[in-house]
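Architecture at a glance
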Amino acid sequence: METRVAILEHMAQTTAETLARIERRFDAVDRRFEAVDRRLDANFRCLFGVMLAGWGSVLGVLGAMFGLMAHGFHWF
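Remember, predicted model here, so these are calculated numbers, not experimental data. (Residues numbered from 1 in each chain as written. Predicted model: local features only at pLDDT ≥ 70, side-chain atom pairs only at ≥ 80, totals over all residues. Heavy atoms only, no water.)

Considerations on the pattern of salt bridges
- Tallied over the full model, the rule gives one salt bridge.
- Across the pair Asp-41 and Arg-45 runs a salt bridge, and its minimum N-O distance is 2.6 Å. Of this pair, Asp-41 and Arg-45 both sit in helix α1 (residues 2–72), four residues apart, which is roughly one turn of that helix.
- Judged by relative accessible area, which is 37%, Asp-41 ranks as partly exposed. (Salt bridge = Lys/Arg side-chain N within 4 Å of Asp/Glu carboxyl O. Helix = DSSP H or I, 4+ residues; strand = E, 2+ residues; numbered from the N terminus. Buried < 20%, exposed > 50% of the residue type's maximum accessible area, 1.4 Å probe, protein only.)

Here it is, written out as structure tokens:
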């Protein structure tokens, strides 16, 4: 009976150590994901700015082309 109790106590101790190690690993993974989230947020803002600038350029080119066509066809 004492042997079984000793084995159970040993298992409880190793389980507590293992759970503490797993918790430290999860904390490290959480920190990594937070860093990735911050980087993706910055990248999203940059990408959104590039998209807006691209659409502005496209609209500017279309407006210039329309102006040239209007001048060429004497619409104005």
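Further notes follow.
Concerning unusual backbone geometry
- Although it is not a glycine, His-74 adopts a positive phi angle of roughly 55°.
- Along the chain, His-74 falls in the segment after α1.
- When its relative accessible area of 68% is taken as the criterion, His-74 is described as exposed.

Some details on a nonpolar patch on the surface
- A surface patch of nonpolar side chains, about 1400 Å² in accessible area, is lined by Leu-47, Met-51, Trp-55, Val-58, Leu-59, Leu-62, Met-65, Phe-66, Met-69, Phe-73, Trp-75 and Phe-76.
- On the accessibility criterion, Trp-75 (49% relative accessible area) is partly exposed. (Patch = residues over 30% accessible without salt bridge, like charges linked within 9 Å, V, L, I, M, F, W, Y side chains within 5 Å. Areas by Shrake-Rupley, 256 points an atom, 1.4 Å probe, with all protein chains shown as cover.)

Some remarks on the packing of aromatic side chains
- The tally for this structure, following the rule as stated, stands at three aromatic pairs.
- Pairing Phe-66 with Trp-75 gives two aromatic rings, centres 6.0 Å apart and planes at 45°, and the pair type is tilted.
- Ring plane angle 25° and centroid distance 5.5 Å describe the contact between Phe-73 and Trp-75, whose orientation is recorded as stacked.
- Judged by relative accessible area, Phe-73 falls into the exposed class, the value being 54%.
- Joined through ring pairs, the aromatic side chains of Phe-66, Phe-73 and Trp-75 make up one cluster. (Phe/Tyr/Trp six-rings, centres within 6.5 Å; stacked < 30°, edge-to-face > 60°.)

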